[in-house]
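The chain contents come next:
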Amino acid sequence: AGRLQELEAIFLGLGIQFSRTKVTERTSRPDFIFPGIDHYRNPSYPPDLLTMLAAKSTCKDRWRQIIPEADRIERKHLLTLEPAISENQTTEMQDAGVSLVVPDALHVTYTFSQRFSLLTLRQFVGLVKARQDAHHARDKHLG
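Now for a quick tour of the structure. Per chain, residues are indexed from 1 in the order of the written sequence. Only residues with pLDDT of at least 70 get local features here, since the model is predicted, and only at 80 or more are side-chain atom pairs given and counted; chain-wide, interface and lining totals rely on the full set of residues. To obtain the side-chain values, all non-hydrogen atoms of the structure were used and water was disregarded.

### Let's talk about helix α1 (residues 2-13)
In step 1: Between its first and last C-alpha atoms α1 spans 16 Å; for twelve residues at 1.5 Å apiece the expected length is 16 Å, and the two agree.
In step 2: Those residues of α1 that sit buried are Leu-4, Leu-7 and Phe-11. The buried residues of α1 occupy an angular sector of 65° when the element is viewed end-on, so they sit on one face. In α1, those exposed residues whose orientation departs by more than 90 degrees from the buried face are Glu-6, Leu-12 and Gly-13.
In step 3: Once α1 ends, the next one or two residues include Gly-15, with phi positive near 70°. What counts as a helix is a DSSP run of H or I of at least four residues, what counts as a strand is a run of E of at least two, and both are numbered from the N terminus. Expected span of a helix: the number of residues minus one, times 1.5 Å. Relative accessibility decides the category of a residue: with a 1.4 Å probe and only protein chains considered, values under 20% of the type maximum give buried, values over 50% give exposed, and everything between is partly exposed. The directions from the helix axis to the C-beta atoms are what the arc is built from.

Below is the structure:
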């Protein structure tokens, strides 16, 4: 829970909207939904502007648990502190629609080819902010 609180503090500090551990479908509770659970539950809110982030200190095979956590979101994001995950596993994750978010300092533990698909936390935050800005711009345009 400490790591989730750290992430929550980062997102709040950057003015990013989110909901934490809210139920999406069935009994699934993804760690974070951006911009929030109300947007997620609104069928008219564009799914391409929704983002999901799960956080696991290590992946092992637990990464598969996040796949059914948010049906409306095609590509899931998984923040991990696990270094040097095998290429087979990262390829399997990519194929399953899971993008890894790994702290910048750990990128060197991954192969050159793996690094193309890894995101740093800063890049992930940039993606979320861009989606939220797109939503606000669309609202202004429609309003």
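On we go.
### Points about the pairing of strand β4 (residues 76-80)
In step 1: In terms of residue burial, β4 counts as a mostly covered element, since five of its five residues are buried.
In step 2: A two-sided burial pattern is seen for β4, the buried positions comprising Lys-76, Leu-78 and Thr-80 on one face and His-77 and Leu-79 on the other.
In step 3: Two elements, β4 and strand β5 (residues 98-101), share four bridges in a ladder whose sense is parallel. Bridge assignment links His-77 to a residue of β5, and that residue is Ser-99. Two strands make a pair as long as DSSP finds a minimum of two bridges between them.

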